[in-house]
Every structure is written in structure tokens, then in C-alpha cells.
Amino acid sequence: MEAALKRELGTTVLRATGHSGGGCISQGQSYETDSGRVYVKSNAKPEARRMFEGEMASLEAILKTQTIKVPKPIKVIELPGVSTLFVMEHLEMRGLNRHSAKLGTQLADLHLHNQQLGEKLKKDESTVGKGQGQMEVQFVDQFGFHTVTCCGYLPQVNDWQTDWVTFFAKQRIQPQMDMIEKNSGDREARELWAQLQLKIPSLFSDVEIVPALLHGDLWGGNVAEDDSGPIIFDPASFYGHSEYELAIAGMFGGFTSSFYSAYHSKIPKAPGFEKRLKLYQLFHYMNHWNHFGTGYRGSSLNIMRNLVKCSVATYSMIPSFQQLETIDLELAEGSCSSLEITMEEILKRELKTSVLKAFGSSGGGYISQGQAYETDSGRVFVKINHKPQARKMFQGEMASLESIQKTNIVRVPQPIKVIDLPGGGAMFVMEYLKMKHLNKYSSKLGKQIAELHLYNQSLRDKLRKEENTVGKGASHSELQYVDKFGFHVATCCGYIPQVNEWQSDWPSFFIRHRLQAQLDLIEKDYGDREARELWSQLKIKIPEMFRDVEIVPALLHGDMWAGNVAEDDSGPIIFDPASFYGHSEFELAIAGMFGGFSSSFFSAYHSEIPKAPGFEKRNKLYQLFNYINHWNHFGTGYRGSTLNLMRKLLK
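Keep in mind that this is a model prediction, so the values were computed, not measured.

Draft legend 1. Here's a closer look at the packing of helix H12 (residues 442-467) against helix H16 (residues 599-608). At a closest axis distance of 7 Å, the pairing of H12 and H16 adopts a crossing angle of 35 degrees. At the point where H12 passes H16, the crossing takes the right-handed sense. Note on element contacts: H16 touches H12 through Ser600, Phe601, Ala604, Tyr605 and Glu608, opposite Ser442, Ser443, Leu445, Gly446, Lys447, Ile449, Ala450, His453 and Leu454. A breakdown of the residues in the contact of H12 with H16 according to their chemical character gives seven nonpolar, five polar and two charged.

Draft legend 2. The packing of aromatic side chains, seen in detail. Scanning the model with the defined rule gives 41 aromatic pairs in all. Each ring, one from tryptophan 164 and one from tyrosine 280, has its centre 6.1 Å from the other, and the planes form 65 degrees; the classification is edge-to-face. Of the two residues, tryptophan 164 is situated in helix H4 (residues 164-184) and tyrosine 280 in helix H8 (residues 273-292); the sequence distance between them amounts to 116 residues. For tyrosine 280, a relative accessible area of 0% corresponds to the buried category. An aromatic cluster is present here, built from Phe143, Trp164, Phe167, Phe168, Phe204, Phe238, Tyr244, Tyr280 and Phe283 joined pairwise through their rings. Between the NZ or CZ atom of arginine 379 and the centre of the ring of phenylalanine 359, over which it lies, the distance is 4.0 Å. The lysine or arginine in question, arginine 514, covers the ring of phenylalanine 580, its NZ or CZ lying 4.2 Å from the ring centre.

Draft legend 3. Examining the nonpolar core more closely. Among the nonpolar cores identified, the biggest contains 155 residues, and Trp164, Leu196, Phe204, Leu445, Trp506, Leu515 and Leu538 are the most heavily contacted of them. With nine residues, H8 is the single largest residue contributor to this core. Every residue in contact with leucine 538, bar those within four places of it in the chain, is listed here: Met545, Leu624, Met646, Leu649 and Leu650. Residues Leu347, Leu356, Val380 and Val429 belong to the second largest nonpolar core, which totals 13 residues.

Draft legend 4. A look at the packing of H4 against helix H5 (residues 187-199). Running from amino to carboxyl end, H4 crosses H5 at an angle of 165 degrees, the nearest separation of the two axes being 11 Å. When the interaxial angle is binned, H4 and H5 end up roughly antiparallel. When the axes of H4 and H5 are compared, the crossing they make is left-handed. Contacts between H4 and H5 pair Ala169, Ile173, Gln174, Met177 and Glu181 from the former with Ala189, Arg190, Trp193 and Gln197 from the latter. Considered class by class, the residues forming the contact of H4 with H5 number five nonpolar, two polar and two charged.

Draft legend 5. Summary view of the pattern of salt bridges. The final tally for this structure, using the stated rule, is 37 salt bridges. Among the ionic pairs, arginine 297 bridges to glutamate 188, the shortest N-O distance being 3.6 Å. You can see arginine 297 sitting in helix H9 (residues 297-308) and its partner glutamate 188 sitting in helix H5, a full 109 residues away along the chain. Judged by its relative accessible area of 4%, arginine 297 falls in the buried class. Given the relative accessible area of 8%, glutamate 188 is considered buried. Overlapping salt bridges, with partners in common, bring together Asp186, Glu188, Arg297 and Arg305 in one network.

Draft legend 6. Molecular detail of unusual backbone geometry. The phi dihedral of aspartate 206 is positive, around 60 degrees, even though this residue is not glycine. Within the secondary structure, aspartate 206 sits in the loop between H5 and strand S8 (212-214). The backbone phi angle of asparagine 408 is positive, close to 55 degrees, even though this residue is not glycine. On the accessibility criterion, asparagine 408 (68% relative accessible area) is exposed.

Draft legend 7. Representation of the side chain of glutamate 585 within the structure. Within the secondary structure, glutamate 585 sits in the loop between strand S22 (580-582) and helix H15 (586-591). With residues near it in sequence (within four places) discarded, glutamate 585 still touches Ala612, Phe615, Arg618, Asn619 and Tyr622.

Draft legend 8. Focus on empty space enclosed by the protein. Under the criterion given, the structure shown has three cavities of 30 Å³ or more. In this structure, the largest cavity spans a volume of roughly 60 Å³. Around the largest cavity, the lining residues are Leu154, Pro155, Gln156, Val157, Gln171, Arg172, Pro175, Gln176, Met179, Phe283 and Asn287. Those elements giving two or more residues to the lining of the largest cavity turn out to be strand S7 (154-156), H4 and H8. When residues of the lining of the largest cavity are assigned to their parent elements, the largest contribution, five residues, is made by H4. Residues belonging to the lining of the largest cavity are distributed by class as follows: six nonpolar, four polar and one charged.

Draft legend 9. Expanded view of the environment of alanine 578. Along the chain, the position of alanine 578 falls in the loop between strand S21 (571-574) and S22. Of the residues examined, alanine 578 reaches a relative accessible area of 1% and is grouped as buried. In this structure, the C-alpha to C-alpha distance between alanine 578 and cysteine 493, residues 85 residues apart in sequence, is 5.7 Å. Ignoring anything within four residues of it in the chain, the contact list for alanine 578 reads Ser400, Thr491, Cys492, Cys493, Gln498, His557, Gly558 and Asp559.

Draft legend 10. Structural detail: the state of the cysteines. By the definition in use, this model includes zero disulfides. Unpaired in this structure, cysteine 150 has its nearest cysteine sulfur neighbour in cysteine 151, at a distance of 9.0 Å. When its relative accessible area of 11% is taken as the criterion, cysteine 150 is described as buried. Here cysteine 493 stays free of any disulfide, with the sulfur of cysteine 492 as its closest cysteine sulfur at 9.0 Å.

Draft legend 11. Highlighting the side chain of serine 83. Position of serine 83 among the secondary structure elements: in strand S5 (residues 83-89). Among residues more than four places away in sequence, those in contact with serine 83 are Met1, Ser42, Asn43, Ala44, Ile77 and Glu78.

Procedures and definitions
Residues numbered from 1 in each chain as written. Predicted model: local features only at pLDDT ≥ 70, side-chain atom pairs only at ≥ 80, totals over all residues. Heavy atoms only, no water. Axes fitted to C-alpha atoms, helices over the stretch in contact; angles between N-to-C directions. Helix = DSSP H or I, 4+ residues; strand = E, 2+ residues; numbered from the N terminus. Left-handed = near helix turned anticlockwise from the far one by under 90°. Contact = heavy atoms within 4.5 Å. Nonpolar A, V, L, I, M, F, W, Y, C, P; charged D, E, K, R; others polar. Phe/Tyr/Trp six-rings, centres within 6.5 Å; stacked < 30°, edge-to-face > 60°. Buried < 20%, exposed > 50% of the residue type's maximum accessible area, 1.4 Å probe, protein only. Lys NZ or Arg CZ within 6 Å of the ring centre and 35° of its normal. Core = buried A, V, L, I, M, F, W, Y, C linked by side-chain atoms within 4.5 Å. Parallel < 35°, antiparallel > 145°, perpendicular 65-115°, else oblique. Salt bridge = Lys/Arg side-chain N within 4 Å of Asp/Glu carboxyl O. 1 Å grid on protein atoms, 1.4 Å probe; cavity = no way out; pocket = protein on both sides within 12 Å on 5 of 7 lines; lining within 4 Å. Points joined across faces, edges and corners; volume = space filled by probe spheres on them. Disulfide = S-S within 2.5 Å.

Here is the structure:
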């Protein structure tokens, strides 16, 4: 590959510099060449050339506007049978920080650039001898782009349309819906889309839309800065409605209020902005559903339900109280083939059942595959993972479910058995629960999670009381009071194992067994100097965030994002835990990061466990763990959010 690079770039020097890295789509490496530093992205997939050509065309289009800095694209190189490379200018970047407002201004300038060309064209056409032909960048009066671009790894249809509503419905939402239909045949999504597409035009009444050149995927991981100002990269450009750009920017954080203020000072919000923003977020939630699995199903359907009820004045992410389509226990990502017959024979033997009949669609998340079965003793759900560490991962999950179940507070699927697979890997069998998305029981879940967190404290209080009574003590309690932080087995948050060795001090446990463990992985895989330097400053400041805060070890779910909660007719259900005894506040960090929890959940929780002084800052600290964990799972798209949080915590 390096020999081909030398030849294609016409350089005698080609020396790798810095760390190699990559996201969930492509890998990357910086090189020194005769002409300076370049950054090379590589991807071995057959469609990589099309993806990189779309990115190159996007960077070229933005570059020509001279409104905002992007890395200069150089060349797409195909290495037959090996991979495709995209070479661009190397830029020394850091996370967006002091240039947030400037980014807002420059992004607005980018969005206004085509409109200004149109106004100039009208003016020039009234002047003899002038017109469009004399402009370096041509005014574009339609919606689309001259080439296919990819948002993630999925190609976007950019055929030109004169009408924005037609373009968005036909070439953004419909292709995503087609993929969902193909992969999961989701009836509720199909029915909601049939209703919604009729209502979309009403969201654009009396709104004039001039095609604007968009970045197309402007989330926190695709923006940065250097000393001169902001930088944007990894675009998936097209000419569309300027409001579209702000949808994903607002979904996952990373943009300050100064960014939005600066942007809207140049492009004020038009009437109906908030409703259209939800519509544009729908595209991104569906795109995430198609990329990462049905953890994003709930958010997609909630938005569709709310948009279908256009006549309602208030739009909310809280689901309506209508009957929801039930879903299988394991949130599914696409579909998988039938389980091998040998696996089913093992299951029959281990479960001592003569009946083993698969039902429902097979599926799986990012980590494991899953299938529901009818057995002699009732329905079960089976998770399958072929990795060598699968037994340890499933044993941690089983121990977590058992611990939560013993409290008799919040419902979880009853764990049954972990079974080794002969060729490596394991299966985890648990009770099958027929669930629907969390809706009317949000408040009840908040109360139950608080009770779960207070349970160990109540055991302590009971123990103290019994110690003052002759002949009573801890041995009489079914569950023992735990006076340290940790867990009796390793658990996995995602597929990364967590060290749960017991510690008597919470800050020590959190620093050593959560943050340091994650940053060791970052150091190993990326050697990220800025992360290393920020961490060296931050870790000495963490203990002061816990001054005068009494922390009694609380049994935690450990990974309580919206994809791991649900309900049935009797109440809320939580699943896929990565439990340990820790600070109760830790639980709320990921719950607040990606949405899916209503205000009633948090109100009910805090009515039982009020916020202690310094809660908000510690919440950011706990979110830091989850952002680093996502960086280690999904790549450097989460680097910016991680470093931004570290900087904020140091202030």
C-alpha cells in the first residue's frame, strides 16, 4: 500500500506519523511526504471508491465557497484487491472549544452562500454582458448534488429535484424506510410513515427555501478547530434546506449555546422551526437504526407519532399512550440467518426440552445475536456470541440480573443458564418477556430505580438496628449489606470487560477501575496525546468533586440507556445490565446522554433521591466514562465529545 501511495503521490518520502486510527467506517493514518503532511483514509469494502469520491466532491464544494475551513482533498486511489484510499491535507486539530461562535457564523455563511450567488446573478442579469457564466461557483436552483454521497456507509440518492419536500421525502426518508422494511419489516414504522408522508407538506407552509450547500453530517465528531478557527470534515454534502444541518448537531451534544446564537443571528428561526427540526432528526434516527440496530427504533417511532399529531401544539419525545407494537426482548440490528441445528440440539439437551421451536424474527445488537424459542417450560430468549470472552460476558450479565432480581424492586428477565458452544463462544438463556417501548410507566421506572439505588442503604440501616437487638445481625438478611464499591464478578459495558475489584473509596474505584481502564485502551489503540495530557490534569481534581458527599454503595444497572429499558402491561422492565455497587448518580449519566427518558422519570427519581450539591458537575464526570467507552467501541467520532468534557471539568 505504501509503495502504491508513493507512486500515486509522486513522493520519495512516505513516513507514517502520529497514531493510526479510524471510526466504524474507515481506518486512517498520517504521513510525511515531499510536499508536506497528508492524511490517508482506507477502506477495503467494494463501495469504498464511491463513498470517498462523494466525500471528495463534498470537500471540494465547501472549499470553493471560502466560508469555512476543511481539509483540502487530494486524490482517491484504488488498489485492486486491497483497498481504496482517500488522500487529503493533514490538519493539526483539537476539539471545538473557543471557536464555537465562529463556527456558527461560518456555517451560516456557508448556508447563505448559494442564496447570495442567486441575488448576484439577478443583479448581473440586469447588466449588459454579465451573467452566470462569469461566476466561479454557479448558482444552484435545485435540491440534490452532482454525485452520490454517503452518510455513514449508506449511500444517499442526490438526484436533482425542484421541490425540497419531494426531495426530502423521496430521497432521504423513503430510502431509510425501505431499508428498515427490508431488514425488519417493521409494521408500526410502515404504518406511521404512511400517515406522516401525507402531513409533511403542511410543515413547510409559507416557508421559502433556497437550496443551501450543506455539510450533511454535522455532529460533534465531525467538527474541530486549530489556532486559526473552526474546521469541519467528513461531509456528506448536498444542496438542501439549511435547517436540516442543525438536526444532528442537536442530537448528540458537542455544540455550545454560542454556536447556535451566532448561527441564528445570521439565519433566524422561521415559523415552525422546532417541528421541522424533529422531522430532520427523524432521518438521522432512522439512519442510526439502519447502521447500529433497533436501539434507535423507539426514538424514530416517537418522532413519527408526534409529527403525525401535527395539530397538537406541543411536540414531545414522550410516547403517546396508544397501544404500541410489542417487540422481542433483545433489541435487534438487522436480521440474521437461522441458528445452526447443532446449536438447537445443544439447547434441547441443556434445557431438557423436547420442544424447541423458534418464533419471531432472529436478530441481534452490536454485541450478540438472539432468538426466541418455545420450549416445554414456556418461552425463552437466547443470546449467542461466538467470541472467546462470551462466557465471561454472559456470566457477568447473569450475575447482574440475579442481583437486581433479588431486591424485588424492578422487573428484569429471569436468567436461566449460560451454555458453552463447542466451537467457541457461549449462549445465554433467559426468560422471554413480551415488551413494548417505555411509555406510560416512565414515572414508575424513575421511582423503582431510586428504590433499587436505596436498597443497599436500607439493608445497612436494618443491620444497624438489628445489631442493637440480641441474637440478630447480618446473617439473618437474605441479601447482605455491601460496604464497598465493586462487584463479585467482572461485567461488560458493551463488549469491554469492567474491573470490579472491591474498593472502600468511591473516587478511587471510579478513577482506577472506570476512567483509567478506558484511557489505557485509548492510549494503547490511539496514543492520543491530548487525551493523555488532559487526563493527567483531571484525575488529581476528581476527589474534590466529592467533598462533603456521603456515598453509600448502591446496586446499579450499569448501562441504563433507553435501549435497555421497556415495559409491559404490568410495569417497567430493565435488561442488559452491567451491574456493580457504585454511586447512584453514575446511573443517570448515560440515561441523560442519548434521550429516551421523559421528565417524569427524572422527577420521580429525584423525589426519592434529591440532587446533592455538585450533582451537575459529577454528572458530566460520569458522562465522560460513557463517551470514552463509546470512543473505544465505535472509534474517534466520540473523541471530540470526550476531550470537550475533560476541558470543561478542568475549568
